[in-house]
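Tertiary structure, described
Okay, here's what each chain looks like letter by letter:
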Amino acid sequence: MVVASGFIETNELNDVERVADDLKARSIEVNEINNDKIVFLIERDTMAQVKSEFEPLKDIAGVKNVHLAYYSIEGADKEA
């Protein structure tokens, strides 16, 4: 399982609810909303799936910036 977290800055406060609803419709978890920022969490089976979910976020109407803050690959901390 690959987990990625970050936040989205919206253009205006009026965009926050619509963008958050769009994330939820994409099965992306919304963890927190703070003014014009939305903290999100993506959990998928592969890095390719996370990438395919993350990259289009910048194209959502009302999105100013998308920031990836963290990602983790399950089992990466185990020795080979």
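Residues numbered from 1 in each chain as written. Predicted model: local features only at pLDDT ≥ 70, side-chain atom pairs only at ≥ 80, totals over all residues. Heavy atoms only, no water.

**A few points about helix H1 (residues 16-25)**
Listed as buried for H1 are Val 16, Val 19, Ala 20 and Leu 23. Burial along H1 is one-sided: seen end-on, the buried residues are contained in an arc of 100°. In H1, those exposed residues whose orientation departs by more than 90 degrees from the buried face are Glu 17 and Ala 25. In this structure, the buried side of H1 is in contact with strand E1 (2-10), strand E2 (29-34), strand E3 (37-44) and strand E4 (63-73). Two residues or fewer after H1 comes Ser 27, characterised by a positive phi angle close to 60°. (Buried < 20%, exposed > 50% of the residue type's maximum accessible area, 1.4 Å probe, protein only. Helix = DSSP H or I, 4+ residues; strand = E, 2+ residues; numbered from the N terminus. Arc of directions from axis to C-beta. Contact = heavy atoms within 4.5 Å.)

**Quick notes on the pairing of E3**
As a general feature of sheets, a regular strand has side chains that alternate between the two faces. In terms of strand pairing, E1 meets E3 through eight bridges, oriented antiparallel. What sits directly across from Ile 8, in E3, is Ile 38. The pairing of E2 with E3 spans five bridges and is classified as antiparallel. Considered in E3, the bridge of Val 30 is made with Phe 40. (Pairing = 2+ DSSP bridges.)

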